Amino acid sequence: MSDCVFCKIAKGEIPSDKVYEDDKIIAFKDLNPMAPVHILFIPKEHIANASEITAENSSVIAHIFETIPKIAKEQGLDSGYRVITNCGEEAGQTVFHLHFHLIGGRCLSTQMA
Ligand code: 5GP
Ligand code: ZN
């Protein structure tokens, strides 16, 4: 996806404040943080959103969820954190490359939305 901003971040074509990277995924700080810790986890492979997760590509999702607790610990989120993915326009998805928001560092509302 040549015009996808997160593909460009994954390839290093656009700078980002990286907190983790390996051959499959990258995690970087959100440009407009909603909380003291706000990190986005993305697969390097272009997947538009959660609706495009399949048996063929889902191992990278497991890998993201294995990595999130390690980064949360590194970031000092010992009291808890939230992981969110917005799927589709009505859910508020603005970047159509699958990403998981890791949010923490303050008391989060009990409301889900
Ligand atoms: P969505 O609304 O699609 O769930 O979340 C997209 C997120 O990506 C937003 O929180 C927005 O601040 C963040 N974002 C959009 N463009 C960039 C960018 O170029 N760099 C970084 N670091 N974050 C971005
Ligand atoms: Zn992409």
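Residues numbered from 1 in each chain as written. Chains lettered and ligands numbered in written order. Predicted model: local features only at pLDDT ≥ 70, side-chain atom pairs only at ≥ 80, totals over all residues. Heavy atoms only, no water.

**Q** Please clarify how the coordination of the zinc ion (ligand 2) should be interpreted in this entry.
**A** Under perfect tetrahedral coordination by four donors, a metal shows angles of 109.5 degrees; under perfect octahedral coordination by six donors, it shows angles of 90 or 180 degrees. Ligation of the zinc ion (ligand 2) by protein atoms is provided by Cys-4 (SG), Cys-7 (SG), His-46 (ND1) and His-97 (ND1), these donors lying 2.1 to 2.3 Å from the ion. Classification of the site at the zinc ion (ligand 2) as tetrahedral follows from its four donor atoms and the range of 105 to 117° in their angles at the metal. The sequence motif formed by the donor residues of the zinc ion (ligand 2) is C-x2-C-x38-H-x50-H. According to the relative accessible area criterion, Cys-7 is buried, its value standing at 7%. (Donors = N, O, S within 2.8 Å, 3.2 Å for Na, K, Ca; no water. Tetrahedral: all angles 85-135°; square planar, octahedral: opposite > 155°, others 65-115°. Buried < 20%, exposed > 50% of the residue type's maximum accessible area, 1.4 Å probe, protein only.)

**Q** I'm lost on helix H2 (residues 59-74) in this one. Help?
**A** Residue pairs three or four apart in sequence face the same way in an α-helix, which turns once every 3.6 residues. The end-to-end C-alpha distance of H2, which contains 16 residues, comes to 23 Å, matching closely the 22 Å that a straight helix rising 1.5 Å per residue would cover. Those residues of H2 that sit buried are Val-60, Ile-61, Ile-64, Thr-67, Ile-68, Ile-71 and Ala-72. Against strand S1 (18-21), strand S2 (25-29), strand S3 (37-43), strand S4 (81-84) and strand S5 (100-104) lie the buried residues of H2. Of the residues one or two after H2, Gly-76 is the one with positive phi, at around 80°. (Helix = DSSP H or I, 4+ residues; strand = E, 2+ residues; numbered from the N terminus. Expected span 1.5 Å × (residues − 1). Contact = heavy atoms within 4.5 Å.)

**Q** It is not clear to me how the side chain of Thr-67 should be interpreted in this structure. Could you clarify?
**A** Summarising the element assignment, Thr-67 is placed in helix H2. For Thr-67, a relative accessible area of 3% puts it in the buried group. Here His-63 takes part through its backbone oxygen, which lies 2.8 Å from a polar atom of the side chain of Thr-67. Non-local contacts of Thr-67, meaning those with residues more than four positions away in its chain, are made with Tyr-20, Ile-25 and Phe-41. (Polar contact = N/O pair within 3.5 Å; in protein donor to acceptor, adjacent residues only side chain to side chain.)

**Q** Could you clarify how one ought to interpret the site of ligand 1 in this entry?
**A** The local shell around ligand 1 holds 16 residues, among which Lys-29, Asp-30, Asn-86, Thr-94 and His-101 are the closest. Note that a nitrogen atom of ligand 1 is positioned 3.3 Å from one of the backbone N or O atoms of Leu-31. Residue Gly-92 places a main-chain N or O atom 2.9 Å away from an oxygen atom belonging to ligand 1. Look at ligand 1: alone it shows 520 Å² of surface, and the protein chains cover 83% of it. With respect to the pocket detection grid, ligand 1 is positioned in the largest pocket. The greatest single-element share of the shell around ligand 1, amounting to three residues, is contributed by helix H1 (residues 5-11). (Near = heavy atom within 4 Å. Areas by Shrake-Rupley, 256 points an atom, 1.4 Å probe, with all protein chains shown as cover. 1 Å grid on protein atoms, 1.4 Å probe; cavity = no way out; pocket = protein on both sides within 12 Å on 5 of 7 lines; lining within 4 Å. Sits in = over half its atoms within 2 Å of the grid points.)

**Q** Hey, could you run me through the nonpolar core in this one?
**A** Within soluble globular proteins, side chains that are nonpolar tend to cluster in buried spots. Within the largest apolar cluster, 16 residues are counted, with the highest numbers of intra-cluster contacts made by Ile-39, Phe-41, Ile-64, Ile-68, Phe-100 and Leu-102. Looking at this core, the element that brings in the most residues is H2, giving six residues. When residues no more than four places from it in sequence are discounted, the contact partners of Phe-41 are Ile-26, Ala-27, Ile-64, Thr-67, Ile-68, Ile-71, Leu-98, His-99, Phe-100 and Leu-102. (Core = buried A, V, L, I, M, F, W, Y, C linked by side-chain atoms within 4.5 Å.)

**Q** Explain the layout of surface pockets here, please?
**A** Rolled over the atoms, a probe with the dimensions of a water molecule shows which regions are left empty. A volume near 340 Å³ is recorded for the largest pocket. Forming the boundary of the largest pocket are 20 residues, of which Phe-6, Asp-30, Leu-31, Leu-40 and Val-95 lie nearest the centre. Secondary-structure elements contributing two or more residues to the lining of the largest pocket are H1 and S2. Per element, the largest residue contribution to the lining of the largest pocket is three residues, and it comes from H1. Each residue belonging to the lining of the largest pocket can be placed in one class, and the counts come to nine nonpolar, eight polar and three charged. (Points joined across faces, edges and corners; volume = space filled by probe spheres on them. Nonpolar A, V, L, I, M, F, W, Y, C, P; charged D, E, K, R; others polar.)

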